[in-house]
Amino acid sequence: MTQGKVSPEELERFYASTDQASLAPGWLRRGEERPEVVPFLWKWSEVEPLVMRSGEVVTPDRDVQRRVLRLANPALGHGTTHTISAALQLLLPGECAPAHRHTPTAIRWILQGEGVYTTVQGDKCYMERGDLVLTPSWTWHDHNSEGDAPMIWLDGLDTPLVHNLHATFFENYPEDEQPVTGTGESIQKYASGALRPAWEDTKLPYSQLWHYKWDRTYDALWNLAQVDSSPFDDVAMEYSDPATGGSVLATMACWIQLIRPGIHTRAHRHTTSAVYQVFEGEGYSIIDGQRFDWSPGDLFVVPSWSWHEFGNDSSQEAILFSIQDNPVIKSLALFREEAYEENAGHQSVTGKFSGLQR
Ligand SMILES: [Fe+2]
Ligand SMILES: [Fe+2]
């Protein structure tokens, strides 16, 4: 910094008076530090017993609302990335997670269990492994078990973003369960892909199809694999709003990704962040030079502007589900992407992730 024509004492007095006047000299850049989101991986073998144990520790009711264990990024303490909060939710047989709505948007990615439905705006959606269920901003939703097995799913919310935008609102429904007006209606109306009800407005900021079934997802992945793939993501598909072809939600995108046996993708980085769940198979990601080996059930974070690439050395397919903040970054014209050019697109591995060093 170039010193002005004042003595050090006068400078200190000047800073004292700007502090007094609630003015911050821009050249000092005080208070502009932000916590870096770090790449991290949660092992399913460590997480699942704690999720199951949470079933003995607490019961969902109006106080608890939801029995969730959040994936807290070690650098943040709250939030999995700076925009996304992912969590594991457990619902036991016969339980009800009561109806409410909130401005943060949520997605549910079903990991295991059966006999549970989520009612979204009156539409009863029976959840099965590999299904994606959306509960867009300000839609009523409650989760109910009528099965005899526990269900675990991954919740993904944009709460860190909405919180920072000071736009968080929440409302309880008067009863635990909202009235059911239909079963699977959004699928009947909107899951036909290229066809939609002709008379409806298509300008909603979220998909009106809020239940994406696994069998269709899996077929779509392998159909794409026959004809094309990405050098950075192998066979990657974004769940889309059938009315617009765009992302399913205004703030979050959901992806399903097949990393075929023997594939090692090229590295790139971009200004979007993502939380991944390993749905099937084994493989690895290299994130900013660090190798993260993953196996079924594991969850990991790719922060914004981190180099990343994927590999599958096994003889089985690997399937990754992810929640990404692409829609908000792109709609604000802040998307930037860069390919890793050296070493045929592969980073040098400088270390292997071995958990939190406490
Ligand atoms: Fe909720
Ligand atoms: Fe990427």
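S.K.: Explain the overall build of the chain to me, and be specific about the residues and the numbers.
M.R.: Scanning the chain from terminus to terminus reveals 6 helices and 24 strands. In terms of overall dimensions, the chain is globule-like: its C-alpha atoms have a radius of gyration of 23 Å, near the 21 Å expected for 358 residues. Structurally, the chain occupies a C-alpha span of about 75 × 55 × 50 Å along its principal axes. Going through the 358 residues of the chain one by one, you find that 38% of them count as buried. A separation threshold of at least 6 residues defines the contact pool for the chain, and within that pool the share at least 24 residues apart is 77%.

S.K.: Report on the sheet that holds strand β3 (residues 85-91), specifying residues and quantitative values.
M.R.: Spatially, 6 strands are ordered β2-β3-β10-β5-β8-β13 in an open sheet, and the strand pairing comes out antiparallel. The strands lining the two open edges of the sheet, one partner per strand, are β2 (68-70) and β13 (211-212). Pairing between β3 and strand β10 (residues 151-157): 7 bridges, direction antiparallel. Paired with Ala86 across the bridge in β10 is Gly156. Sheet strands touched by helix α2 (residues 44-57): β2, β3 and β10. Its angle to β3, the strand with the most contacts, is close to 55 degrees.

S.K.: Describe the sheet that holds strand β11 (residues 170-172), with residues and values.
M.R.: Spatially, β11-β4-β9-β6-β7-β12 is the arrangement adopted by the 6 strands of the open sheet, whose pairing is mixed. Each edge of the open sheet is held by one strand with a lone partner, namely β11 and β12 (182-183). Inspection of the sheet shows strand β6 (residues 116-120) paired to strand β7 (residues 123-127) by 5 bridges, in the antiparallel sense. Across the sheet, Tyr117 pairs through a bridge with Tyr126, a residue of β7.

S.K.: Break down unusual backbone geometry for me, with residues and values.
M.R.: The backbone of Asp288 sits at a positive phi, close to 50 degrees, despite the residue not being glycine. Relative to the elements of secondary structure, Asp288 occurs in the loop between β18 (283-287) and β19 (290-294). Exposure remark for Asp288: the 17 C-beta atoms within 10 Å place this residue in the partly exposed category. Here the phi dihedral of Ala333 falls at roughly 60 degrees; this positive angle occurs in a residue that is not glycine. Here Ala333 lies in the loop between α6 (326-331) and β23 (337-339).

Cut-offs used in this document
Residues numbered from 1 in each chain as written. Chains lettered and ligands numbered in written order. Predicted model: local features only at pLDDT ≥ 70, side-chain atom pairs only at ≥ 80, totals over all residues. Helix = DSSP H or I, 4+ residues; strand = E, 2+ residues; numbered from the N terminus. Rg over C-alpha atoms; globule rule 2.2 N^0.38 Å. Buried ≥ 20, exposed ≤ 12 C-beta atoms within 10 Å, placed from the backbone. Contact = placed C-beta atoms within 7 Å. Pairing = 2+ DSSP bridges. Axes fitted to C-alpha atoms, helices over the stretch in contact; angles between N-to-C directions.

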